[in-house]
Amino acid sequence: MTADRAYRWLMTASRRQAGDGFDLHVCASVLAVAIAQAEEDGASLAATSGLDAASLGAFVAELFPDAASELTEMAGAAKPETGPEEQSVVDILLMYASGRLDFVRPLAILIARRCQEPRHLWQDLGLRDRSELSQLMQRHFPRLKARNSGDMKWKKFLYRLVCGSEGFVLCPAPVCSDCDDFASCFGAEEGVAQLSHAYREERA
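In this text, all values refer to a predicted model and were calculated from it rather than measured experimentally. (Residues numbered from 1 in each chain as written. Predicted model: local features only at pLDDT ≥ 70, side-chain atom pairs only at ≥ 80, totals over all residues. Heavy atoms only, no water.)

In terms of helices and strands, the protein chain carries 13 helices and zero strands. When the helices and strands of the protein chain are placed in sequence order, the string is α-α-α-α-α-α-α-α-α-α-α-α-α. In the protein chain, which comprises 204 residues, the share counted as buried stands at 49%. Within the protein chain, residue pairs in contact and separated by at least 24 positions form 70% of the contacts whose partners lie at least 6 positions apart. Roughly 10200 Å² of accessible area belongs to the protein chain as shown, and the carbon and sulfur atoms make up 51% of that amount. (Helix = DSSP H or I, 4+ residues; strand = E, 2+ residues; numbered from the N terminus. Buried < 20%, exposed > 50% of the residue type's maximum accessible area, 1.4 Å probe, protein only. Contact = heavy atoms within 4.5 Å. Areas by Shrake-Rupley, 256 points an atom, 1.4 Å probe, with all protein chains shown as cover.)

What follows deals with the packing of aromatic side chains. Scanning all chains against the criterion turns up two aromatic pairs. Between F59 and F103, the ring centres sit 5.6 Å apart and the planes meet at 40°, which makes this aromatic pair tilted. Taken together, the positions of F59 in helix α4 (residues 53-63) and F103 in helix α7 (residues 101-114) put the pair 44 residues apart, joining distant regions of the chain. Comparing F59 with F103 shows no difference in burial state: the two are buried. (Phe/Tyr/Trp six-rings, centres within 6.5 Å; stacked < 30°, edge-to-face > 60°.)

Turning to helix α1 (residues 3-12), its buried residues number three or more, namely A3, D4, A6, Y7, L10 and M11. Down the axis of α1, the sector holding all buried residues measures 165°, keeping them to one side. Opposite the buried face of α1, by more than 90 degrees, sit the exposed residues R5 and T12. (Arc of directions from axis to C-beta.)

Judged by nonpolar contacts, the single largest core of 59 residues is most densely connected at F64, L93, I111, L133, L144 and L158. Among the elements that make up this core, the one with the highest residue count is helix α2 (residues 21-41) (10 residues). Among all residues touching I111, those that are not within four sequence positions of it are L93, L121, L125, L136 and F141. (Core = buried A, V, L, I, M, F, W, Y, C linked by side-chain atoms within 4.5 Å.)

Rendered as structure tokens:
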């Protein structure tokens, strides 16, 4: 299943309620790219989302009730392996999270797992652009968003916090303005959304 098709399927299966449209869109986007990657890699959805079958089932039951059983089946029986750096990202996100733990915890796990992919984080989450990632962080991790006052790229920022918590120095420059590679942390995050076809159809 392509990411575009998975996104349309999930949104059709969603429980649309007043005020939760953005969260439905975000979760459908993240799961859609995870579903597509799982199919492409011959892996389970647990491996590409970071959520085991039980956790994924509980998470999507409220959001996408008409797809919950199929998503749980896609997750498979095996539990996903989580490395120490990925777990540190989860821990940092939860440290700064706001709202219901039964929602923000699986969301943090999804974000941390997608951080392992090579693109900009907003692309690896399947979002339309970086502004949606900023909105996501402001909505569910507001104190973390406030801490990223310089608007550093989110993967760089999260892993900078991970390295700091582990006692490592991520960058030798004393301040960012002195760095010869300033753009790698703060430059524009241009690129094409993974779900560009689905988003174009929504606007049509």
